[in-house]
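Take a look at the letters that make up each chain.
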Amino acid sequence: MEAEVTDATTEEVGKKSGVVWEVKNLTKLFPIKAGFIASLLGKETNVHAVNDVEFEIYDREILGIVGESGCGKTTCGRLLVRLETPTRGTMQFHGQEIGGLKGRELKRFRRSVQMIFQDPYESLNPRLSVFATIAEPLIVHSVGDTIEDREELVRKALEYAELKPPEEFMYRYPHELSGGQRQRVAIARTLVLRPRFIVADEPVSMLDVSIRAGIMNLMLNLREEYGIPFMFISHDVSVTRYMSDRIGVMYLGGFVELAGSEDVIKNPMHPYTEALLSAVPVPDPTAKHGRVKIKGDLPSPINLPPGCTFHPRCLYKKDICKSQVPEFKEVEPGHFVLCHFAGELPIVKPDDEYVTEEICKYCNATIKKGMASVQHSCGANYHEECADRVKACTVCGKEL
Amino acid sequence: MVMLDIRNLRVYFEILKGKVKAVDGVSFQLDRGETMGLVGESGCGKTTTAFAITRLLPFNGHVVGGEILFNDVVLARADMATEMLELLERERWLPRVEALFERRQNAMHALKEKGLGEMPGESEILLAEEEIFLEEVGDILATKDKVEPVELKEMLHDAGKAETTGFFADRRKRKIEKEIEAKMAAIRWSEISMIFQSAMNAFNPVYRIGDQIAEALLTHEDMSKDEAHQKVLELFDLVGLKPDRVTGYPHEFSGGMRQRAIIAMALALNPQLIIADEPTTALDVIMQDRILAEIRDLQKEMHMAMMIITHDISVVAEVSEKIAIMYGGKLFEQGDIVSIFENPANPYTIGLTGAFPSIKGKKKRLKSIPGSPPDLANPPLGCVFHPRCKLAQDICKEKMPPTIEVAKNHRSYCHFAEEIYTGKMKV
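A quick note: this is a predicted structure, and the numbers were derived from the prediction, not measured. (Residues numbered from 1 in each chain as written. Chains lettered and ligands numbered in written order. Predicted model: local features only at pLDDT ≥ 70, side-chain atom pairs only at ≥ 80, totals over all residues. Heavy atoms only, no water.)

Participant: Explanation requested: the sheet that holds strand β8 (residues 305–310) of chain B in the structure shown.
Facilitator: The strands that make up a sheet are held in pairs by hydrogen bonds between backbone atoms, and each pair lies either parallel or antiparallel. Residues and elements named next belong to chain B. Strand order across the open sheet formed by 8 strands is β6-β7-β8-β3-β9-β10-β12-β11, with mixed pairing between neighbours. Looking at strand neighbours, the two that pair on one side only are β6 (192–195) and β11 (403–407), the edges of this open sheet. Shown here is a sheet whose adjacent strand axes are inclined to one another by a mean of 20°, direction ignored. By the bridge criterion, 6 bridges tie strand β9 (residues 322–327) to strand β10 (residues 330–336) in an arrangement that is antiparallel. When the sheet's bridge partners are listed, Tyr327 is paired in β10 with Lys330. Against the sheet, helix α1 (residues 46–53) contacts β3 (35–39), β6, β7 (273–277), β8 and β9, and its axis sits at roughly 145° relative to β8. (Pairing = 2+ DSSP bridges. Helix = DSSP H or I, 4+ residues; strand = E, 2+ residues; numbered from the N terminus. Axes fitted to C-alpha atoms, helices over the stretch in contact; angles between N-to-C directions. Contact = heavy atoms within 4.5 Å.)

Structure (C-alpha cells):
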C-alpha cells in the first residue's frame, strides 16, 4: 500500500552531471534609507538578506530550501529568476553569467526561468480568464504567431498541469476555480514557455491539506517526465523533505547545512537544523521526541552577530564561535555544514527514541551531554542560560 | 463533568441562492481541563462552530437546530418553529417532529412544576415564548390519524411559517436574542475566550496592546485602572513578553509576539474554555512549537479546557487528547486521539492522514484525495463525502450514513465504519 519513494542520497546526487546553476558568494543587501544627516556622515546600513551563499543545482534536481521567516530564502529564489539584482557574487546558469544581465539578454534569460508564487488567490489577475493568464507570457516573449498556435500551447500547458479537459477551464475566471485549481493554473502559466528552471516559493502552504498532496505530486511528476530542475522554498520541513533531492537549511541569509534530503533529516549536523527538526509537529500522538529548544528570536539582519551568526542562540556555543566565522565544511561527501564543531556535537535526530536523561526544570527541555548546564544543590538541573533567568530553584525554592 | 455540550447543532447561512449548511448536525462534549482538536479543510464549518459557541455569527448565520449548553446555560438554541420547519424538509419527518414536540412539552411541564431553578440546561424565556405554539403543534399532531400525511405536513408547515414570520415573530426573536445575549456577555471572555485566526488583524491598530488587554479586564471585573495594568504586566510575563512592550502598538510587534499578546488577552480572566482558531497557522515551525508549548503549559497550570481549530492534523496530534474531524459541515469521526490515529474508522480520516508528509520514518508517496470539498449550498445527496470517497457504494449516494460507535470514545459517520475499523475494508 505504501509505495516507497526512492531517494537520491548524497552520493547519487554527486554523480549527476550537468550543472544548471553554479552560485558563488552571492550576496544581496537591501540598503535602508537613512536620514539626511546620516547620509551626509556617510553611514550606510543594509539588510543582509542573502549573505555569501554558495551552491549548485544539478540537472533534474529539486533543491529544497528551509528556514524561519526572514532568513532570506525567498530573496534567494527571487535572485535566481532575476527579480532581484545581486549586490555581489556570481551566478551562472548553464555556464552563462546571469548577475549582470540587462535589457534584451535579461528578457531572453527570463524566458527560460519561471516562478510559482505562494498564494494563488493573489498571483492570478481576477480580471483575466485562464487563457489570457497563461497566454500572457507567450505574448510578452512573442511565442506563437496566431491565436490558434497560442491556444494549442495553452491547451498543452493545462494538460501538463493536469487540468483536464483543458477546454473546460480555458475560458473560466479565477473566481470560478477552487484553490487547488488556481495553483494548477499558476503552474500551467510557468510551464507554457517550456522553462529550463522553476523556482517554487511556498507553493502549497496556502492550500488545503487534501489538495496539497496533489499539487506536490504534480510537481514531482513534472520533474520526472520533463526533467525540469526546481528550487523548492518552504518553511515546512516535512513538505520540503517530501519534495526535494537535496535540502539547504538557511539561517540569517546564509546556508548552515546543505546535503541530500534524507541526510539532512536523518543525520542533521548543525545545531540549528537540530532545533528546526525538533520543532516540527509529527502526525502521531504516541510519538515522543526529545525537544531541543531554540533560544531567543532571530537577530536583526541589519547588524549580523560577529563570528558564527547562529552563536547567540546556539546551545553548544564555545568562545571560538563568538569571534571566528566558521567554514562551510564538507563533513561527509556532499554534506556541507557551517559549524566549527560539525560532526562532533551530540545532535538529536528525529528518529531517535530519545530517552531524556536530564530535564531542565525551567524550560522543560532536555539537557544533553555537551550542553552547558548547572546543577543545584537539591539535584535539579538547569540549562546555563535558564539558570541565569531563575532566581530561586523551582523545586526546592532555595536561591541558586 | 461535562462543561460544553453541543447537541445536534445546525447553523445555516442565508444567501441569495438559498441556504449554506455550514454546520449540519454536530454533537460533541468537552469536559473540564480537556483539549480537543477540531480538524478539517477550509470551509468545512469548524470556525462557524466556534462562532456559534461564542455567539459571534455574522448577521446572516442562524442556529436552525440543536443547542449549545455551557455549564448548563443555554448559549444557543433554535426556537421550536424554526427547528420544526427544518425537520419537515427531511425524509421521515413525522417521528422527528413528534420527538421534538415531546421533548419541549416535557420541558414545559417540568418548568411549571418545579420552576427554572431546578432545571439546568433550560431557558425560561425560550420556553415561555413557545407555550402557545406548543399547544398549536399539539393540536395538529393529535389529528395525525385522521388526515393524510401530506396534509399534516402542510398544516405543520403553515403553523411554523406563521410563527416565524411577521412583526410579532421578529419582536419575539429580538427579545429572546437580547436575553441570551445578556447572559453571554457575562460569560464571553470571562469564561469562554477565543484566540482568533490571524493574529495580525485581531488587535485594533490604533490602541496600545496593553490598553486593549486592560479593557477586557475592566469590562468584566471590578478593578481600578492601576490594578488592571498590573495584571497586564503579569500576563505579559506569563507568555514571555517583555514588560516594556505594554505601551507598544500592534504594528510594533512581530507575528509571534502578537500571537503571544493574543494568548495573554485570552488568558486575562482565567477562562474555563479557550477556543483557539488556527493559533499557529501564520507562524513558522520554531515559533509554532514555542506557542504550542506555552499554551499547553498554561493550560495545565490553570486547568482550562481548550478547543484547537486547525487544518494541521499534526498540531492536534501534539497537543490534544480528543479529536473531531469535520467535513462538509458534519463530524466525520471523533473520539480519543490515539484510537483514531491508530485505528481510523472513516475513509476521510484515512485520506487526511495519508496526505500528510512527516519527517519521521521512511519517505512515503503521498496520496491526495481526488476532487474538491463540496458546495454546502448544494451538498451532494447521501453522504457528503461520497463523490471523493474510494469506498463509495450505491448506499452512500442515496442514504446519509449513521454515526456508529466503533469503540468506547470513538464514533464514526460512515456506512462502513465497523468494517473499516475491524480491517475488513481497506482504503
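Participant: I keep staring at a nonpolar patch on the surface and nothing clicks. Help me out?
Facilitator: A contiguous nonpolar surface patch, about 520 Å² in accessible area, is contributed by Phe36, Ile37, Leu40 and Leu41 of chain A. Structurally, Phe36 of chain A can be placed in helix α2 (residues 36–41). (Patch = residues over 30% accessible without salt bridge, like charges linked within 9 Å, V, L, I, M, F, W, Y side chains within 5 Å. Areas by Shrake-Rupley, 256 points an atom, 1.4 Å probe, with all protein chains shown as cover. Salt bridge = Lys/Arg side-chain N within 4 Å of Asp/Glu carboxyl O.)

Participant: Would you take a moment to explain the domain arrangement of chain B for this structure?
Facilitator: It is common to give the size of an interface as the accessible area that goes away when the parts come together. Residue and element names in this part refer to chain B. Split into domains, chain B comes out as domain 1 (72–190), domain 2 (192–319) and domain 3 (322–350 + 375–422). In this structure, domain 1 and domain 2 have C-alpha centres spaced 39 Å apart. Between domain 1 and domain 2, the residue contacts involve 8 residues of the former and 11 residues of the latter. Carbon and sulfur atoms make up 64% of the surface buried where domain 1 meets domain 2, a total of about 700 Å² over both sides. Here domain 1 is connected to domain 2 by 0 salt bridges. Our count for the domain 1 to domain 2 interface comes out at 4 residue pairs in polar contact (both at pLDDT 80 or more). For the side of domain 1 that touches domain 2, the leading source of residues is helix α6 (residues 167–187), giving 4 residues. Taken together, the residues that form the side of domain 1 that touches domain 2 break down as 6 nonpolar, 1 polar and 1 charged. (Domains from an automatic or database assignment. Buried area = accessible area lost by both parts, 1.4 Å probe. Polar contact = N/O pair within 3.5 Å; in protein donor to acceptor, adjacent residues only side chain to side chain. Nonpolar A, V, L, I, M, F, W, Y, C, P; charged D, E, K, R; others polar.)

Participant: How should I be thinking about the interface of chain B and chain A in this particular structure?
Facilitator: Contacts between the two partners involve 40 residues from chain B, matched on the other side by 53 residues from chain A. Summed over both partners, the interface of chain B with chain A comes to about 4,400 Å²; 58% of that surface belongs to carbon and sulfur atoms. Its largest share of buried area at the contact with chain A, chain B owes to Ile359, Lys363 and Arg365 of chain B, together 22% of the area lost on that side. Counting across the interface, chain B meets chain A through 0 salt bridges. Seen at the junction of chain B and chain A, the total is 9 residue pairs in polar contact (both at pLDDT 80 or more). Of all the secondary structure elements, the ones that give two or more residues to the side of chain B that touches chain A are α10 (285–302), α11 (313–319) and α12 (337–342) of chain B. Broken down by element, the residue count for the side of chain B that touches chain A peaks at 7 residues, all from α10 of chain B. Looking at the side of chain B that touches chain A residue by residue, the classes come out as 18 nonpolar, 8 polar and 14 charged.

Participant: Honestly, the pairing of β6 of chain B in this entry has me stumped. Any pointers?
Facilitator: Consecutive side chains along a regular strand alternate between the two faces of the sheet. Residue and element names in this part refer to chain B. Burial along β6 is two-sided: the face carrying Ile192 and Met194 and the face carrying Ser193 and Ile195 are both buried. Here 4 bridges tie β6 to β7, and the two strands are oriented parallel to one another. Along β7, the bridge assignment pairs Ser193 with Ile274. (Buried < 20%, exposed > 50% of the residue type's maximum accessible area, 1.4 Å probe, protein only.)

Participant: I'm lost on the environment of Asp351 of chain A in this one. Help?
Facilitator: Relative to the helices and strands, Asp351 of chain A resides in the loop between β12 (335–338) and β13 (358–359). Separated by 30 residues in sequence, Asp351 of chain A and Cys321 of chain A have C-alpha atoms that sit 28 Å apart. Apart from residues no more than four positions distant in its own chain, Asp351 of chain A is found in contact with Lys266 of chain A together with Lys360 and Gly361 of chain B.

Participant: What exactly am I supposed to notice about a negative patch on the surface here?
Facilitator: A cluster of acidic residues, Glu148, Glu151, Glu154 and Asp158 of chain B, forms a negative patch at the surface. One can find Glu154 of chain B in helix α5 (residues 149–164). (Lys, Arg positive; Asp, Glu negative; His and termini not counted. Charge placed at Lys NZ, Arg CZ, Asp CG, Glu CD.)

Participant: Even after reading the chapter, I still don't get the pairing of strand β2 (residues 18–31) of chain B, so can you show me in this structure?
Facilitator: Residues and elements named next belong to chain B. As paired strands, strand β1 (residues 2–15) and β2 are joined by 11 bridges and run antiparallel to one another. Considered in β2, the bridge of Val2 is made with Asp31. Counting the residues in the hairpin turn of β1 and β2 gives 2 residues.

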